[in-house]
Amino acid sequence: MKNILKISGFLALLMVLFVSCEKDNITTTVEELVGTEKQMEADLKQTLGKSANGWVMMVKSTLAETAYVPVVMQFDTIKNMVKMRSVYGSAVSNQSTYLINKGVSGVLLNFSGGSAVSSLMRMDRKYGDVTDYVFKVLSVGAESIKIQCLKSGEAYKKEGGPIYTLFKRPENWKWADDALLLDLKKTEARANVISTNSVLTLNYIPTGEKVSIGSHFGPGFDGVLNSWQLNGDPFYSNASANVFDKFYLFYAYVNYSKGTISDDYEDYPVARQGHNALYFIPFYERDANTWASTDKFAKSIKTPYLVINEVIRTGTNVTIKVASYDKSGKEYITGEYRNFN
Amino acid sequence: MKKLFIYTLLILAGISSFLSCSKEDKVTLEKENLDYFAIINKPKEKWNALDSLCDTIYRDYGVKIVYEYTPQVIRPNDFYYPPTYDKALAYTRKVMKTLWLEPLKKNFPDYFKRETPIEFILMGGYYHGHPTNTDIAAGAGFNGQFYRLGMGGVNNLDLSNKAAVHDHVVTLWHEHAHNQDVKYGRGEIFDRISIGTYYKEAWNTKTEPQAVTDGFFRKYGGFAPEEDFATTVEHLTRFPKNDALTLINSNEKLKRKYNLVNKFYLDKGMDLHKLQSIVYDLVYKK
C-alpha cells in the first residue's frame, strides 16, 4: 500500500515535471514582433495616402458631451507633408511635416512640425483633448487607423493619452475643402449676414429635438481688431499654439426664449471665424460677462462649433447650412441660420 | 530500495529541469540592429524646400537646423512646440542664413570656425514646464550647452518688423553668450565684481536706471552672474560703440565687466562692436 502510494506519487511528480513546461511553448519571437512592427509601419505609410479627401481625427472639448471637434488631415506620402483643416483658424496655407518613427512602444506617427495638432496640445482643453503631437499607432486598417497620444499630459504622468480612431473624410464635408464658403473677414461675405437679424434652427439627430434661437451677428470690431489680435487672440498670444492666422470675431447676439427673427436679444456670446466654421469658446477672461455668455451659448447648443457646409443666397435672403459632428463623424446636429421667414 | 527510489526521483527531476524548458532557446535578445533611437536622415526624395535649405546651410556652415521635432530631440518631460513650416522656412532663410551665419563666417572667420554650435533648434513658442499652463519660462530656455543653440518665438516673429527682427538677433547673441560661458567659463574675476549684490528673483522689481547704478547693463542681468555675463554681450551687440562706451564709463562695475567680456571675445576673434554695426546695418539698411 505504501509502495503504491510512493509509485503513484512518483508518477504524478514525473507527469508534472514533463507537463508543466508545455505552456512554455513560446511561438512569438522578437524577430516576429519586429516583423509585425515593420508590417504596421509599411501599412501606415500606404494607408495614410489612401484617402483622397484625407483622414479625420475627432477631438473632445470639455464644453460638449456628444459633439466632437473635427481635424481633417490630408497626407502627401511622397513628401511627408500633411495639410490640416480644423474648425479653428482660417489659414489657407497650413501644411506641416510628419514622420513615421519607431519608439519603444512601437510605431509612432509624429506630427513633427507646428500644426493644428501641436496647437491643440498647447491650448486649453475647451479646444480639444490632444495631449501630444506624437502618437502610438495601435492599429491600421483599410477604413480606420487607431492612434494614441504618447504623453498623457503633464511631465512624469503615465505614457498613453487619449485614443483616436481616424476615419476617411466623408464626401459631404464641404467645409473642409480649401474653398471658403463664408469668411466674414471679407466684405462680400458680410452682406446680409453681419448686422442682420436671423434665426438659428438646430436639429439634434439622435433625439429628434428641434431648437430655434433668435440670432444677430454684430459688426466685427474693426477699429480695435488689430490690437485685440495682438493681445487677445488665444492662439496668436500663445506662440507655441500660434499656427493659424489672427482671429476675426464678432458678437453673435442671441434670444433663447424668442426663437424668431426679431430686434430683441438677451445675451451676447462671441463667435470666432474658423475655416468654413464658427466657434464659440470663451476666451476673454478679463470680461467676465462675455466669457459667461459664450460659455452658456456653447453649452446650450451642445457644441462649441458649427461648420458651414453651404451658403445659399437668393437676393437678400441668406441661408447658412451648419452642422456639428459626433465622435465617429456622424452628423449630431444639422441646422441653419436664416435671415428671412 | 527506498534510497534507489529517491535517487531515481532526484535524477529524473534534475534531468527534466534542464530539458523541460529547452524550447525557450528560440527567444533571443533584441537584434543589435533594432535601435529605437537611431537618427535616420530623411531620404532625399522626401525633402521639402526647407530640408533642401537646411542641407545647404549644413554644407556651407556646418550647422544642423532642426525644425522637425522627434522624441530624440525633445526630452519627454519638457514641453516645446515645433514651428509651423512656412514660418520656419522664412526664418531659416532670413535669420539663420542672412543675419547670423553669413555675416559671421564672412567677417569673423576664425570665431565662426571655432565657436559656432553644430545644432540650432527652432522653437514655435517658448519653453513650458507644463503642456497648457500659460506661464512661459525664459526665452530659449535651453542654451546652457555649447554644441546646441536654440531660439523661441519663431511662430510670432514678424520678419517685416525690423525692430522685432533686430531684437531677435541681438537675443540670439545673448543666448550664444550662454554657450560661450558654459564652454570657457566667464571666470571668477567677473563673478567677484557684483558678488553679493545680485537681485535674484527680485530683478523684475527694479528699474533699468537703478540696475545701471548697481552695475548691471539691464535689470535682468542683475538676476544672476550668468545673465549678467549674457546681458553684457547683449548690450554690446545691441547699441553702437559710442553709446555703449558712454554708459560703460559712467559706472566702475560696468567698466570692469566690459573690459573682461570684450577681451574674452576679442581673444577668440570676435569684436562685439563690429558685430553690432554689421547686425544693425543688415537689419536696417538692406
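Residues numbered from 1 in each chain as written. Chains lettered and ligands numbered in written order. Predicted model: local features only at pLDDT ≥ 70, side-chain atom pairs only at ≥ 80, totals over all residues. Heavy atoms only, no water.

- As recorded by an unreviewed UniProt entry, chain B carries the name Substrate import-associated zinc metallohydrolase lipoprotein and is attributed to Pedobacter caeni.

- Where an unreviewed UniProt entry is consulted, chain A appears under the name DUF4302 domain-containing protein, with the organism given as Pedobacter caeni.

**Some remarks on the sheet that holds strand β3 (residues 148–151) of chain B**
All names here are of chain B.
Part 1 of the argument: The 3 strands are arranged β1-β2-β3 in an open sheet whose pairing can be described as parallel. For this open sheet the edge positions go to β1 (64–66) and β3, each flanked by a neighbour on one side alone. Averaged over all adjacent pairs, the angle separating strand axes in this sheet is 20 degrees, with direction ignored.
Part 2 of the argument: Strand direction decides the pairing type here: β1 and strand β2 (residues 119–122), joined by 3 bridges, are parallel. Its bridge partner being in β2, Val66 is matched across the sheet by Ile121.
Part 3 of the argument: Sitting on the sheet, helix α3 (residues 85–107) is in contact with β1, β2 and β3, with an inclination near 140 degrees to β2. (Pairing = 2+ DSSP bridges. Helix = DSSP H or I, 4+ residues; strand = E, 2+ residues; numbered from the N terminus. Axes fitted to C-alpha atoms, helices over the stretch in contact; angles between N-to-C directions. Contact = heavy atoms within 4.5 Å.)

**Observations regarding the environment of Asp245(A)**
Residues and elements named next belong to chain A.
Part 1 of the argument: With respect to the secondary-structure elements, Asp245 resides in the loop between α5 (225–232) and β12 (249–255).
Part 2 of the argument: Judged by its relative accessible area of 27%, Asp245 is partly exposed.
Part 3 of the argument: For the pair formed by Asp245 and Gly274, sequence separation is 29 residues and the distance between their alpha carbons is 9.8 Å. (Buried < 20%, exposed > 50% of the residue type's maximum accessible area, 1.4 Å probe, protein only.)

**What about unusual backbone geometry?**
Part 1 of the argument: Positioned with a positive phi, Tyr156(A) is a non-glycine residue whose angle comes to about 65 degrees.
Part 2 of the argument: The topology assignment puts Tyr156(A) in the loop between β8 (144–149) and β9 (163–168).
Part 3 of the argument: The phi angle at Lys200(B) is positive, at roughly 55 degrees, despite the residue not being glycine.
Part 4 of the argument: Within the fold, Lys200(B) resides in the loop between α6 (188–193) and α7 (208–213).
Part 5 of the argument: Here Lys200(B) falls in the exposed class, since its relative accessible area comes to 54%.

**Thoughts on the packing of α3(B) against helix α5 (residues 162–184) of chain B**
Residues and elements named next belong to chain B.
Part 1 of the argument: At a minimum axis distance of 12 Å, the contact between α3 and α5 shows a crossing angle of 55 degrees. Classified by the angle between their axes, α3 and α5 sit oblique to one another. Note that α3 runs across α5; the crossing there is right-handed. Note on element contacts: α5 touches α3 through Val165, His168, Val169, Leu172 and Trp173, opposite Tyr91, Val95, Met96, Leu99, Trp100 and Leu104.
Part 2 of the argument: Residue classes in the contact of α3 with α5 are distributed as 10 nonpolar, 1 polar and no charged. (Parallel < 35°, antiparallel > 145°, perpendicular 65-115°, else oblique. Left-handed = near helix turned anticlockwise from the far one by under 90°. Nonpolar A, V, L, I, M, F, W, Y, C, P; charged D, E, K, R; others polar.)

**A closer look at the pairing of strand β7 (residues 134–140) of chain A**
Residues and elements named next belong to chain A.
Part 1 of the argument: Across 3 bridges, the pairing between strand β6 (residues 106–110) and β7 is antiparallel. The residue of β7 that forms the bridge with Leu108 is Lys136.
Part 2 of the argument: Sheet topology places β7 next to β8; 5 bridges connect them, and they run antiparallel. The partner of Val140 across the bridge, within β8, is Ile145.
Part 3 of the argument: The loop that links β7 with its antiparallel partner β8 comprises 3 residues.

**Let's talk about the side chain of Glu115(B)**
Part 1 of the argument: With respect to the helices and strands, the residue Glu115(B) is situated in helix α4 (residues 109–115).
Part 2 of the argument: For Glu115(B), the contacting residues outside a window of four places in its chain are His176(B), Gln180(B), Lys183(B), Tyr184(B) and Lys268(B).

**Digging into the pattern of salt bridges**
All names here are of chain A.
Part 1 of the argument: Tallying each qualifying case throughout the model produces 33 salt bridges over all chains.
Part 2 of the argument: In this structure, Asp177 and Arg169 form a salt bridge, with 2.7 Å as the shortest nitrogen-oxygen distance.
Part 3 of the argument: Looking at Asp177, the relative accessible area reads 27%, which means it is partly exposed.
Part 4 of the argument: Taken together, the salt bridges that share partners define one network made up of Asp183, Lys185, Lys186 and Asp245. (Salt bridge = Lys/Arg side-chain N within 4 Å of Asp/Glu carboxyl O.)

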